[in-house]
Amino acid sequence: MTQGPELLAPAGSWEALVAAVQNGADAVYLGGKLFNARHSANNFDNQEMARAVEYAHVRGVKIHVTVNILLANHELEEALGFLQFLHNTGVDAVIVQDLGLARLAREVIPELSLHSSTQMTVHNLPGVQLMQQSGFDRIVLAREMELEEIAKIKKETGADLEVFVHGALCVCYSGQCLMSSMIGGRSGNRGKCAQPCRLQYQLVDERGRNLADPSKIGEYLLSPRDINTSELIPQLIAAGINSFKIEGRMKRPEYVATVIRTYRNLIDRALEDADTYQIKEKEARDLAQIFNRDFSPGYFLGNPGIDLMSYKRPNNRGVRLGRVKGFNKKHNTVEVLLEEPLRLGDGVEVWVTEGGRSGVEVNNILVNGKQIEAAQAGTLVGLAIPGKIHIGDRVFKTHDAELMESARETFTSTRETRKIPLHFSIRARVNEPMHLSVLDNQGFASEGYSDEACQEAIKRPLTREFLLEQLDRLGNTPFALGELEVDLAESVMLPMREINELRRRVLTDLEQKRAKAQRRPGVAEHLFRERLGGALKVLKQTEPPKPSPLLAVNVTDLTSLEAAVSYGANIVYFGGESYRSKGVVTERDIKAGLEFCHKNGVALFLNSPRILHDHDLKRFTALLERISELPLAGILVGNLGLLKIIKDYTDKPVIGDFTLNGFNSAAIHYYREQGVQRLTLSPELTMKQVQEIAKTTPLPLEVLVQGALPLMNTRHCPVGSVLGGLTLSNKCSGPCNRQSCGLKDRLGLIFPLEVDPYCRMHLFNAKDLCVIEDVFTLLSAGVSVLRIEAKKEDHGYVARTVNHYHKALERFKHGLKDERKDKEAKEDLEQLSQAGITKGHYFRGVI
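All of these numbers come straight from a predicted model, not from anything done at the bench.

### What to know about the packing of aromatic side chains
And step 1. Applying the stated criterion across every chain, the model contains ten aromatic pairs.
And step 2. Between tyrosine 255 and phenylalanine 291, the ring centres sit 6.4 Å apart and the planes meet at 85°, which makes this aromatic pair edge-to-face. Residue tyrosine 255 is located in helix 10 (residues 253-272), and its partner phenylalanine 291 is located in the loop between helix 11 (281-290) and strand 11 (295-296); the two are separated by 36 residues in the primary sequence.
And step 3. For tyrosine 255, a relative accessible area of 2% puts it in the buried group.
And step 4. Residue phenylalanine 291 is classed as buried on the basis of its relative accessible area, which comes to 17%.
And step 5. In this structure an aromatic cluster arises from ring pairing among Phe35, Phe82 and Phe85.
And step 6. The ring of tryptophan 14 carries arginine 51 above its face, with NZ or CZ at 3.7 Å from the centroid.
And step 7. When the ring centre of phenylalanine 164 is taken as reference, the NZ or CZ atom of arginine 143 above it lies at 4.2 Å.

Structure (structure tokens):
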């Protein structure tokens, strides 16, 4: 059988780690107590981490550790110390989101293998190439990518690629979601996502009127189904994907056991014969039963539209058990015609017509008035289920006791499920110690001699059959007897206790050799400290550029551009990004905007989409080529792939957008090295953090000060799916053209929604960011550019906001701090946002 892809399992606890290893994982990813994106999982302290590495390595399994969050300046040194510990402990790779940390790791611990997290939003070929150039050994791709895209990237780059193949799906491009952060202060980029995407929303127009009946389509409009690629395994292998990743560090170990066991069998089956590959009925049922929000293949085959989503339920739905057929008043039971087997201890849930859902553990099953322990599909059973239940209500099995018990057995039993076959060789001679040697399938060997010498047998000499039986007793070890080779003198014997002790010592030595074999040489403390001091010294002693306070505005229509220029903007971002509700920006618009800006002494930078798949990137770079002779001031770039190739199309200045997640000084140094000439800081930073970064920044800094911040950028479009009929086989009818929509939450807040020319959704905060009262503080800190985000706004909004911020900048330039005028400006700006205003994270920060 040919070498297949790595099966990479999640582990949020020790039990889940054992479940993963014992059920066939090739590698396990897990997190420490700090710096990882699943902070609510149990995770592993340093002692447990070392134990996990040894346990896995003995069994031939790799350990990848997640350090996949954005890091503040004060955390960098501690994080690097953690990376040194991980390397010296023997972990096989570290999964990283923060490019600043990655840059420092390459300097301080170049021996450490780095994988780029899916939180980096890598979704195009040059993005992969940039990660390779930046020292990453593996790239975890965005979950929005199609198989055809992945195969092309693999062919072009030869990169080691990892993709998620099963489990929960984020609706937003990972690393680009600010929704949990801005709504409740719990940042997904810091490992604390509160999953607001799993809450209820209604699709409404700009006046708050429903555009679709929530009772029919459902209210969970941002809640995707789980990915399930069990039917696509041969295609995934053919695409050249190196690692098949299972989501689920927050899941129970029984889930890990079941999903890993199933995918292990599926991968092995596909490798044996891809042409006859198919998933068995029980395997499909087990995957659904252990957990599902309904399933989809994700984006691997294209955009599934509405079929990607679980609009009516955001949590586990189990397996359909049947429908309510009637009631037995005598026994006070609900009668259900089973479509699946049912046993005592199972859990069932009725989707009742009124009142939601009613669930219960099955403690009693009646058939014809008699109690039974189990019933097969096709049986009419009586179950005691509380609630207002009606005939026709659907019944689901949400817990399968037998499946859970079989899964639990794999990680609670002292007998290991996954065994390494060994070749045993024994030589025994009278008056000589017994010699035992073992050899595993990877070439690791161990040998030893008994403490006592063999004796001449009086009654029962050693035989091959006897030794075969005794040496095969390896139940609580990771080994199994594969072959036995014996060389025994006639009538020789050795006490069984001696043979057992010899076997124990030899196998212990073999375990230690296997554990040590995958460990690279550690980095000595003095060397680490020397490298660390040099790397951090550069960050702390950089002389910042002298700021020249400017006001920038990001717009998507020509009239807003004219308003921005007329009321005092110094910089306008325009031309490369637009929304369907306003109409697509044309080259003619760009030329007209340039002419107007030039006439008024204002710099026009071309803005650009933060998401550009390879086919989108070709469209955008074609635009760059067509307008290359125009006197643009530069390009605003928020996409790693575009950043990689931008110099091939223009020599104009590159401004890094906030979507690049510049969260610390090391990240700013990284982007400077990539050719960025000004960087927009992450809106998740506090005022104090901005001030600290500005003291030693190697680049001029820009910050967001006004506007409805984009909370999500998604490939899924609720407008197209709900109103436009979008599915994998049906094109969208385009209901977003010239129409503004929003998502209304349970509190009545409306989050504006726009759709770009690439049919991706942009969801904005209901409240406008407004820090007009803090302009003096930001500029005094050394910030060079204040930006108003007005891409979804009209020219009236732009005129009022630019007017106020322009006046605030003028007061700063003349040293006139006027709190009364700032307050008046704030009160006027507050009128522009129906839901009110917010200072974002400037004074509260993220958890």
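### Comments concerning the sheet that holds strand 36 (residues 741-744)
And step 1. Read from one edge of the open sheet, five strands run 8-36-37-38-35, paired in antiparallel fashion. A strand with exactly one partner marks an edge of an open sheet, and here the two such strands are strand 8 (202-205) and strand 35 (710-714). Between one strand and the next, the sheet's axes are offset by a mean angle of 30°, whatever the strand orientation.

### Topic: the side chain of glutamine 97
And step 1. If you trace the backbone, glutamine 97 turns up in the loop between strand 4 (93-96) and helix 4 (99-108).
And step 2. Side chain to side chain, glutamine 97 and asparagine 189 meet in a polar contact 3.0 Å long.
And step 3. Not counting residues up to four positions away in its chain, the partners in contact with glutamine 97 are Val67, Asn68, Ile69, Leu70, Ser117, Gln119, Met120, Gly175, Asn189 and Asn661.

### Quick word on the pairing of strand 35
And step 1. Taken across its five residues, strand 35 has five buried, putting it largely inside the fold.
And step 2. Bridge count for strand 35 against strand 38 (residues 761-764) is four bridges, and the pairing is antiparallel. Bridging from a neighbouring strand, threonine 714 pairs with methionine 761 of strand 38.

### Regarding the sheet that holds strand 24 (residues 445-453)
And step 1. Pairing is mixed across the open sheet formed by four strands, whose spatial order is 24-23-22-26. Both outer strands of the open sheet, strand 24 and strand 26 (479-488), are each paired with one neighbouring strand and no more. Strand-to-strand twist in this sheet, taken as the mean axis angle between neighbours without regard to direction, amounts to 20°.
And step 2. Where strand 23 (residues 433-440) lies against strand 24, six bridges are found, and the strand directions are antiparallel. Its bridge partner lying in strand 24, proline 433 is registered against alanine 453.

### Brief notes about the packing of helix 4 against helix 15 (residues 525-540)
And step 1. The contact between helix 4 and helix 15 brings their axes to 9 Å, and the two run at 140°. What the angle tells us is that helix 4 and helix 15 run oblique. Crossing of helix 4 over helix 15 shows right-handed handedness. Taking contact as the criterion, the partners of Arg103, Leu104, Glu107 and Val108 in helix 4 are, on helix 15, Phe528, Arg531, Leu532, Ala535 and Leu539.

### Considering the pattern of salt bridges
And step 1. Enumeration according to the criterion identifies 58 salt bridges in this entry.
And step 2. For glutamate 498, the salt bridge identified is with arginine 497, shortest N-O distance 3.8 Å.
And step 3. Using a relative accessible area of 8% as the deciding quantity, one classes glutamate 498 as buried.
And step 4. One network of salt bridges, with partners in common, ties together Glu6, Arg138, Asp160, Glu162 and Lys245.

### Notes on helix 24 (residues 795-813)
And step 1. For helix 24, which comprises 19 residues, the first-to-last C-alpha distance of 26 Å matches the rise-based estimate of 27 Å (1.5 Å per residue) to within 8%.
And step 2. One or two steps after helix 24, the chain reaches glycine 815, where phi turns positive at roughly 70°.

### Here's the deal with the side chain of histidine 762
And step 1. The topology assignment puts histidine 762 in strand 38.
And step 2. Residue histidine 762 is classed as buried on the basis of its relative accessible area of 2%.
And step 3. Polar contacts involving the side chain of histidine 762 include one to the side chain of aspartate 756, which spans 2.8 Å.
And step 4. Sequence-distant contacts of histidine 762, defined by excluding residues within four places in its chain, comprise Glu577, Tyr579, Met712, Asn713, Pro752, Leu753, Glu754 and Asp756.

### Quick word on the nonpolar core
And step 1. Ranked by internal contacts, the top residues of the largest apolar core, which has 209 residues, are Leu17 and Val572.
And step 2. Here this core takes ten residues from helix 10, the largest share from any one element.
And step 3. Leaving out residues up to four positions away in the same chain, valine 572 has contacts with Val553, Val555, Leu561, Ala564, Val565, Cys597, Val602, Ala603, Leu604 and Phe605.
And step 4. Counting 23 residues, the second-largest nonpolar core is a separate cluster that includes Ile420, Val438, Phe479 and Val492.

Reading the values: the criteria
Residues numbered from 1 in each chain as written. Predicted model: local features only at pLDDT ≥ 70, side-chain atom pairs only at ≥ 80, totals over all residues. Heavy atoms only, no water. Phe/Tyr/Trp six-rings, centres within 6.5 Å; stacked < 30°, edge-to-face > 60°. Helix = DSSP H or I, 4+ residues; strand = E, 2+ residues; numbered from the N terminus. Buried < 20%, exposed > 50% of the residue type's maximum accessible area, 1.4 Å probe, protein only. Lys NZ or Arg CZ within 6 Å of the ring centre and 35° of its normal. Pairing = 2+ DSSP bridges. Axes fitted to C-alpha atoms, helices over the stretch in contact; angles between N-to-C directions. Polar contact = N/O pair within 3.5 Å; in protein donor to acceptor, adjacent residues only side chain to side chain. Contact = heavy atoms within 4.5 Å. Parallel < 35°, antiparallel > 145°, perpendicular 65-115°, else oblique. Left-handed = near helix turned anticlockwise from the far one by under 90°. Salt bridge = Lys/Arg side-chain N within 4 Å of Asp/Glu carboxyl O. Expected span 1.5 Å × (residues − 1). Core = buried A, V, L, I, M, F, W, Y, C linked by side-chain atoms within 4.5 Å.

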